[in-house]
Structure formats: structure tokens, C-alpha cells
Amino acid sequence: MGVYVKSKMAAACVRTLGKVGRLVLETPACRTANSYALVPKITLNGSKRAYGTGTGGFRSIPFFTTHLRSARVLGCAFLLGGGLGLYQTVKLTFQRHLAEEEAQPFKSSAEVKLTLYQYKTCPFCSKVRAFLDYHGLPYEIVEVNPVMRKEIKWSTYRKVPILMVNDSVQLNDSSVIISSLKTFLVSREKTIPQILECYPEMTTRNDSGKEVVEFNNKYWIMVTGGEEETLYPDKGARKEEMKWRKWADDWLVHLISPNVYRTPGEALASFDYIVREGKFGTFEGFFAKYVGAGAMWLISKRLKNKHNLQNDVRQDLYKAVNDWVAAIGKQRKFMGGGEPNLADLAVFGVLRVMEGLQAFDDMMENTKVKPWYRRMEKATQHKEPSVASFGSCSPPSKKDTI
């Protein structure tokens, strides 16, 4: 039985019980009775004495109540029942209101306020922007200072990207953000908080023994039946999309740093771009540009060994990009066919962070990726999102985060 039906029944009971109670108490006998008589007497077992509210404390009464007292008690019972019914009516009506709000949190994208906490040059943040741009979802950006990170001090999750939905629901991890929003856009049966339950957070340890946060099912779009057939009309399309989304996170993204910091000159140019596009103070920017560039040039050597890259890391980048283009094939414009799918958006988002750097120019010149990349640029073009400063975009309280 629905909440609405229950609330109507409760309201009817209130009206009926209230009428009966008033009729009983408005009788002459009830109007002339002492006030203490309105309180039912509690008969003690094995005794003809009962405790009342009169000044006499315990006093003798007949074991069987009189007709008058029965009327009073009956009237009080009806009034009490009416009061309880009123309480239930208010309670159920409130529950109905909350249920309606939860069932349909957003009727259109215009009613959704999305705030993206990011580093502009982060490939994972770029993936989320590519998704939002392609689907035409308006969003605000809060650029996070990568040194102090005061813009996300309210969050126990200390990485970016973080996406806030209507300042109340927090989405972490780029792939979880994309999968949960795509699920919501395809199927409106569940709210975003309900969808997030499908991507549970887990704490594990990496090869170095360091605790890391991971999310289950993050490459799955939670649709079945007809929705799945509409989203993935071709056999194997779902598995293909998941495979290449994971490839972008596990392999392609690890080729970016070794390539953009390949030489001291490239490292300095990369940090000049990072400082220019990021949110740094004057001292922080100077320190990041010169000290950071040198540090990352050294770290890139370690990353090359860690990921078993060739001495010329460009060759690994070229091979990865050409493998991607070959997987799309000559018969499709995108991995998704006529339109980009989530794998297209992920790969494009990762590669896009190199724009303006030598590594990007070399990639476009020495691989077959340019036609696909230009198509992706057109597919994701939209009005530049507004950039919200930390002061103008109030972060949610911890109790509101999910």
C-alpha cells in the first residue's frame, strides 16, 4: 500500500475519531464531571481500590465502573485515538514528501548543479570533463591548489577529481563518476545515491604495501534488459568498452608523465603549462616550475623503469595510440560506432592533457590518431564551463558527503 493511500486513511480516521470523541464529551454528564474523572482509574489486582488524581490518593470505588465513567473513558479514548491518528497523518504525509523528492531528484539536466573539483592538467579530471562536455551537462569548476588542497579540506577523500551533485552528493574517482552519471542518464529508476551503492569503496594495499582506495565495478554501467540493448546494440560492445576504459587507466595514463618530462627542456615546458593553467601562488608557482620540473624529470626515469618502458618512451606512446586506432578499425568513426562511447571519452580525455606540449605534437605527427582525435574535439565542443572560486562555491559539510 502506498504512502499516499495510508495518509488518506489516517486522515479519515482522525476525522471520525475526533467527531465521536467530541460527541461523547459534549454530553451533559461529561460536561459536569470533575476534571480528574477524565483520567481512567487503574484497578489494582485483588482489590476494590484504585489510584486517581484526586487529593484523597487511594479511595474506594465500585469494582465495576458506572455508565457515566464508561462514557468519560470512551470519550477520552476517542480523543486519544484522534491525536494518534493526527500524528500518523503528519508523519505519513512528511514521508510521502520525502519519498517523492528522493524518487525524482532531477527532472532535467538543468536542475542538476554539478561542481567539479580538479587539477586542469590531471588526465583523470580531463576524462570527467570530456564526459560532461559530450553529454552537454553544465558544471562549475573549482581549481584545487595542488600544494595546500584547501579547496577540498572538507572531504575525507583527498584526491581529485571530486564531483559534487547539488552540493549534497559526493562522487569520487573519475571512472566511478562517469559510470554512475551514465547509469543515471540512461535509467531514471534509481537516484544517484542508490546508484553509488553499486560501486562500493574498498581499501587495499598496493605492491609497495601502501593503503589505496579502490572501487568495485567502476567500469560497469548498471543497466539491464532493454536499456542494455539500447546502449550496447552490437554484440560484445559492452565488454569492448570496459576493456579499453580500463586500458586507459592502467596503461595509457602511465605513458603521459614519462613523455612530457622526457628531457629537462620538456619538463620545464610542461611545468610552465601546469603553473599557468593551475592554481598556484606566486612563490608556489616559481618553486613548482623550476624545482618541480627538475624533480619530475628525475621521477620520469623511475616511472620508465617501473612500467617497463623503452629507452625512447615516445615509441611506447606511439604504439599505444596506434593500437587504439587499430581497435576502432576503418569502418567506425569511434569505438562506439557513429558516436563516441565511454572508452572514446576516456582515451580522448587522457591524451588531451598533452596539448600544447612537444609530446602531443610528436604523437599527432607520427601516429594515425589525428582523424579520430579531431572528430572527438568536435563531439565534445561546448561552451566553456564557469570556473568557481573557492569562496563563491560553498563546499558541503562532511555529513552531506557520500
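Note that the coordinates shown come from a computational prediction; the quantities given were computed from them, not determined experimentally.

Q: Residues and numbers for the overall build of the protein chain, please.
A: Helix and strand counts for the protein chain come out as 15 helices and 10 strands. Out of the 402 residues in the protein chain, the part that is buried amounts to 41%. Here the protein chain displays about 22,500 Å² of accessible surface, and carbon together with sulfur accounts for 57% of that area.

Q: With reference to specific residues and values, describe the packing of helix α4 (residues 123-134) against helix α5 (residues 174-186).
A: For the pair α4 and α5, interaxial distance at closest approach is 9 Å and the crossing angle is 15°. Here α5 runs roughly parallel to α4, going by the angle between their axes. With respect to the hand of their crossing, α4 and α5 are arranged in right-handed fashion. Seen from α4, the contacting residues are F124, K127, V128, F131 and L132; seen from α5, they are S174, S175, I177, I178, L181, K182 and L185. Considered class by class, the residues forming the contact of α4 with α5 number eight nonpolar, two polar and two charged.

Q: Account for α4, with residues named and values stated.
A: With 12 residues, α4 should cover 16 Å at 1.5 Å per step; its first-to-last C-alpha distance of 16 Å lies within 8% of that length. Taking burial as the measure, the 12 residues of α4 include 10 buried ones, the bulk of the element. Three or more residues of α4 are buried, namely P123, C125, S126, K127, V128, R129, A130, F131, L132 and D133. Remark: G136 follows α4 within two positions and exhibits a positive phi of approximately 65°.

Q: Tell me about the side chain of K182, residues and numbers included.
A: Mapped onto the elements, K182 comes out in helix α5. No salt bridge is formed by the buried K182; the nearest opposite charge belongs to E241, separated by 6.9 Å. In contact with K182, not counting residues within four places along its chain, are F131, H135, I221, L231 and L342.

Calculation criteria
Residues numbered from 1 in each chain as written. Predicted model: local features only at pLDDT ≥ 70, side-chain atom pairs only at ≥ 80, totals over all residues. Heavy atoms only, no water. Helix = DSSP H or I, 4+ residues; strand = E, 2+ residues; numbered from the N terminus. Buried < 20%, exposed > 50% of the residue type's maximum accessible area, 1.4 Å probe, protein only. Areas by Shrake-Rupley, 256 points an atom, 1.4 Å probe, with all protein chains shown as cover. Axes fitted to C-alpha atoms, helices over the stretch in contact; angles between N-to-C directions. Parallel < 35°, antiparallel > 145°, perpendicular 65-115°, else oblique. Left-handed = near helix turned anticlockwise from the far one by under 90°. Contact = heavy atoms within 4.5 Å. Nonpolar A, V, L, I, M, F, W, Y, C, P; charged D, E, K, R; others polar. Expected span 1.5 Å × (residues − 1). Lys, Arg positive; Asp, Glu negative; His and termini not counted. Salt bridge = Lys/Arg side-chain N within 4 Å of Asp/Glu carboxyl O.

Keep in mind these values describe shape, not function.
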